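Close look at the chain arrangement
Here are the chains, one letter per residue:
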Amino acid sequence: MVNQSADGVVSDTNSGDADSNENPAVRRLDDWNAEELQALVDDNGSPLYVLDLDRVRENYRRLDQAFPDAEILYAVKANALGTLLETIHEAGAGLECASAGEVTRALAAGAPGSAVRYTAVNPPARDLDVVVDAWEDHPDLTITAGAEDTIDRLADRGYDGRLCLRVNPGIGAGHHEKVRTGAAAKFGVPAERAVDVLADAADRGFDVVGIHAHVGSGVQSEQLDAHREFVSRMGDLARDVADAVGDLEFVDVGGGFGVPYREDEDPLDLDAVAEATRDAIGDIDATLSIEPGRYVVADAGVLLTDVNTVKEARETTVVGVDAGMTTLARPAMYGSYHPIRNLTADDGAARETVPQTIAGPICESGDVFCTDRELPASERGDVLAIGNAGAYGYEMANQYNTRPRPASVVLEGDEVRLARRRETIDDVTRLETDRRRSDRDSNPETGR
Ligand SMILES: *Cc1c(COP(=O)(O)O)cnc(C)c1O
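Residues numbered from 1 in each chain as written. Predicted model: local features only at pLDDT ≥ 70, side-chain atom pairs only at ≥ 80, totals over all residues. Heavy atoms only, no water.

1. Some thoughts on the pattern of salt bridges
By the definition in use, this model includes 27 salt bridges. One salt bridge connects arginine 117 with glutamate 71, and the closest N-O pair in it is separated by 2.8 Å. Of this pair, arginine 117 sits in strand 6 (residues 116–120) while glutamate 71 is found in strand 4 (residues 71–75), placing the two residues 46 residues apart along the sequence. A salt bridge links arginine 405 to glutamate 423; its shortest N-O distance comes to 2.8 Å. Placement of the pair is arginine 405 in the loop between strand 18 (383–386) and strand 19 (407–412) and glutamate 423 in the loop between strand 20 (415–420) and helix 12 (425–429), with a sequence separation of 18 residues. The partly exposed category is assigned to arginine 405, whose relative accessible area is 25%. (Salt bridge = Lys/Arg side-chain N within 4 Å of Asp/Glu carboxyl O. Helix = DSSP H or I, 4+ residues; strand = E, 2+ residues; numbered from the N terminus. Buried < 20%, exposed > 50% of the residue type's maximum accessible area, 1.4 Å probe, protein only.)

Put into structure tokens, the structure is as follows:
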């Protein structure tokens, strides 16, 4: 919790929690060391994703302390970097996967089947084939079906393993309508159908182990009432299923734990969320599961980018940077706010503060990270840091405009390691198979 002390200094202390000084509830962009970050760009180029694995461990530990009796599964889609999955799994988390590709990466990271859950949303046949194949080697993995069709398609493939049903509780919470999944018919079987569907699945020989719902991302403290209502519906449903079908192993209430993107926002009161969850779920003879994604990684990551252009436009100062909507899609996609800091201007030399529109190199008007934000006047060659980029950053990066995806480095203790090299233009084009010219290597830009 952010407290204002008597002398007006804002500090990240949480009275009553002895651990909080080493493990503050949020790491702000200002808490990162500007010189160290700038050196990373000098060594690895721009744009560059940076992920601090020690901070990931701290975030996991805070969740584990707030929810001591719950199973915690990290939602891989927030950030699927292999070394990160290994770190989180080692710390004790299971891995919640949204695709066959994520299941493959989770198993490759050393997670045993018992720690892997695959949440199938309109799963392509290829995904089911791959996951059922993986199940033959890892019979303890769990598949969460969100439609009766999916259960039929699993049966067609000979799957009779651990089955969880994703239900649609008809209630949503979250920071943007595109991520308010609980209310969207796309996700899950209507909750009122769940008992019948699970009874039928049990009759057909599936090992029915749980029920699941995920109502969307960005749940904040002020939405606790909606969270309480959702969780209490899940508790009711768990009791109905237990009566009609048999005991469940777990009740999974999904992820969606919010993080403060704005500097003046307070961090989520995790203990309050945990208490509300425990109260609302009531008496169940099953383990509570949670699936945080964003909360584990968001503030452990920053995106670094060089300023390449400063232009006085009629309305504003436009600051052009190397990173764009292909590097970090959230501002263009959701209108999300990300804190931005000029690391070079941190060197003490006073700079005037001016409103700036920071824009990427993509030929789209939506390719801006902020509009008219007050920041120290940028100069060509400066390095900017974009905060809270650890979640849904690299994972949503793409190659639009034939723009290779950036490199990623990880920090751990005193170590800096390149975790994923920067793509080359050749990486982007190498899958093309119908080419009339074969002398592509004459182009120095391809890296060949
Ligand atoms: C995306 C997702 C999560 C994680 O959501 P966060 O907002 O990152 O915590 C958890 N469970 C499921 C099923 C998801 O699709």
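2. Describing the side chain of aspartate 382
When you line up the elements, aspartate 382 lands in the loop between strand 17 (368–376) and strand 18. Once residues within four sequence positions are removed from consideration, aspartate 382 is found in contact with Thr305, Asp306, Val307, Asn342, Thr344, Arg351 and Ala377. (Contact = heavy atoms within 4.5 Å.)

3. A look at the environment of leucine 63
Summarising the element assignment, leucine 63 is placed in helix 2 (residues 53–66). Of the residues examined, leucine 63 reaches a relative accessible area of 0% and is grouped as buried. Separated by 208 residues in sequence, leucine 63 and aspartate 271 place their C-alpha atoms 8.9 Å apart. Setting aside residues no more than four positions away along its own chain, leucine 63 makes contact with Ile72, Leu270, Ile290, Pro292, Tyr295 and Val296.

4. Observations concerning the UniProt feature "binding site: substrate" (unreviewed entry) in the protein chain
Mapped onto this numbering, the UniProt entry gives "binding site: substrate" (unreviewed entry) at Arg294, Arg330, Tyr334, Glu364 and Tyr392. Take arginine 330: it is sitting in helix 11 (residues 330–334). (UniProt positions renumbered as here; feature names shortened; annotations may be inferred.)

5. Side note on the side chain of threonine 119
Assignment of secondary structure puts threonine 119 in strand 6. What makes threonine 119 buried here is its relative accessible area of 3%. Not counting residues up to four positions away in its chain, the partners in contact with threonine 119 are Glu96, Cys97, Ala98, Thr144, Arg166 and His212.

6. Notes on the packing of helix 2 against helix 3 (residues 82–91)
The interhelical angle for the contact between helix 2 and helix 3, taken along N-to-C directions, is 35°, at an axis separation of 10 Å. The two elements helix 2 and helix 3 cross, and the hand of that crossing is right-handed. Packed against helix 2, whose contacting residues are Leu53, Val56, Arg57 and Tyr60, the element helix 3 presents Thr83, Leu84, Thr87, Ile88 and Ala91 at the interface. (Axes fitted to C-alpha atoms, helices over the stretch in contact; angles between N-to-C directions. Left-handed = near helix turned anticlockwise from the far one by under 90°.)

7. Digging into unusual backbone geometry
Outside of glycine, negative phi angles account for most residues, and trans bonds account for most peptide bonds. The residue after serine 46, namely proline 47, is reached through a cis peptide bond having omega -5°. Inspection of the secondary structure assignment puts proline 47 in the loop between helix 1 (34–44) and strand 3 (48–52). Even without a glycine there, the phi angle at asparagine 388 is positive, about 55°. Checked against the element boundaries, asparagine 388 lands in the loop between strand 18 and strand 19. Exposure remark for asparagine 388: the relative accessible area of 7% places this residue in the buried category. Notably, threonine 402 is not glycine yet its phi reads approximately 50°, a positive angle. Checked against the element boundaries, threonine 402 lands in the loop between strand 18 and strand 19.

8. Considerations on the UniProt feature "modified residue: N6-(pyridoxal phosphate)lysine" (unreviewed entry) in the protein chain
Sequence positions flagged by UniProt for "modified residue: N6-(pyridoxal phosphate)lysine" (unreviewed entry) are, in local numbering, Lys77. Within the fold, lysine 77 resides in the loop between strand 4 and helix 3. Residue classification places lysine 77 among the partly exposed residues on the basis of a relative accessible area of 34%. Those residues in contact with lysine 77 that sit more than four places away from it in its chain are Ala98, Glu102, Tyr392 and Glu395.

9. Side note on the nonpolar core
Residues Phe67, Tyr74, Leu84 and Ile211 are the most contacted members of the largest nonpolar core, which totals 84 residues. Per-element tally for this core: the top contributor is helix 8 (residues 224–244), with seven residues. Looking at this core, you find at least three residues from each of domain 1 (2–8 + 53–296) and domain 2 (9–52 + 297–448). Setting aside residues no more than four positions away along its own chain, tyrosine 74 makes contact with Asn79, Leu84, Leu85, Ile88, Ala93, Gly94, Leu95, Glu96, Pro292, Gly293, Val296 and Val297. (Core = buried A, V, L, I, M, F, W, Y, C linked by side-chain atoms within 4.5 Å. Domains from an automatic or database assignment.)

10. Examining the pairing of strand 6
It is a general feature of regular strands that their side chains alternate between the two faces of the sheet. In terms of burial, strand 6 is a largely internal element, five of the five residues being buried. With burial as the criterion, each face of strand 6 is covered, one bearing Val116, Tyr118 and Ala120 and the other bearing Arg117 and Thr119. Judged from the three bridges that link them, strand 5 (residues 94–97) and strand 6 form a sheet pairing that is parallel. What sits directly across from cysteine 97, in strand 6, is tyrosine 118. Crossover handedness for the path strand 5 to helix 4 (residues 100–108) to strand 6: right-handed. Relative to strand 7 (residues 142–145), strand 6 runs parallel, the two being bridged by four bridges. Each residue of the ladder has a partner; that of tyrosine 118, found in strand 7, is isoleucine 143. In this view, the connection linking strand 6 to its parallel neighbour strand 7 by way of helix 5 (residues 125–137) has right-handed handedness. (Pairing = 2+ DSSP bridges. Right-handed = clockwise from strand over helix to strand, strands pointing away.)

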